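# Structural overview for review
Okay, here's what each chain looks like letter by letter:
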Amino acid sequence: MKITDVRVRKITKAGKMKAVVSITLDNEFVVHDIKVIEGEKGLFIAMPSRKTAEGEYRDIAHPINSKTRGELEETILKVYQESLVAADESPEDAPCEEAL
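Below you will find a few notes about this structure.

Thresholds, definitions, all that
Residues numbered from 1 in each chain as written. Predicted model: local features only at pLDDT ≥ 70, side-chain atom pairs only at ≥ 80, totals over all residues. Heavy atoms only, no water. Core = buried A, V, L, I, M, F, W, Y, C linked by side-chain atoms within 4.5 Å. Buried < 20%, exposed > 50% of the residue type's maximum accessible area, 1.4 Å probe, protein only. Helix = DSSP H or I, 4+ residues; strand = E, 2+ residues; numbered from the N terminus. Contact = heavy atoms within 4.5 Å. Pairing = 2+ DSSP bridges.

### Section: the nonpolar core
The nonpolar side chains of a soluble globular protein tend to be buried, and buried together. Ranked by size, the top nonpolar core spans 17 residues in total, and within it Val21, Ile23 and Ile34 carry the most contacts. Elements supplying a minimum of two residues to this core: strand E1 (3–10), strand E2 (17–25), strand E3 (29–39) and helix H1 (66–89). Looking at this core element by element, the count peaks at five residues for H1. Residues within four places of Ile23 in sequence aside, it is in contact with Ile3, Asp5, Val6, Phe29, Val30, Val31, Ile34, Leu72 and Ile76.

Put into structure tokens, the structure is as follows:
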């Protein structure tokens, strides 16, 4: 499995959520609504989820093992950081999406 595209939509309002990301896998499968969140130990990703009837949040899609999760997080956070640098170097009306 290879991540072939990452689209970052930065969140401008204050808060812990910094961006919402969509990734494409092998140019064939897209996962939307991955969140980039600022936690106590730094940035991390949260997979798309929904609230159950009991009030708990459950992931809709997620990696099965920690190796894959690490690869996803590393790639997504790298593109997110690059989008921040690009935003600092470009005009304010430039689009907020970044691709691999």
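### Description of the environment of Gly39
You can see Gly39 is positioned in strand E3. You can call Gly39 partly exposed: its relative accessible area is 23%. Gly39 sits 22 residues away from Met17 along the chain, and the two C-alpha atoms are 9.1 Å apart.

### Quick word on the pairing of E3
Examined bridge by bridge, E2 and E3 share seven bridges and lie antiparallel to one another. Each residue of the ladder has a partner; that of Leu25, found in E3, is Phe29. Inspection of the sheet shows E3 paired to strand E4 (residues 42–46) by five bridges, in the antiparallel sense. When the bridges of E4 are listed, Ile37 appears paired with Phe44. In this antiparallel pair of consecutive strands, E3 and E4, the connection spans two residues.

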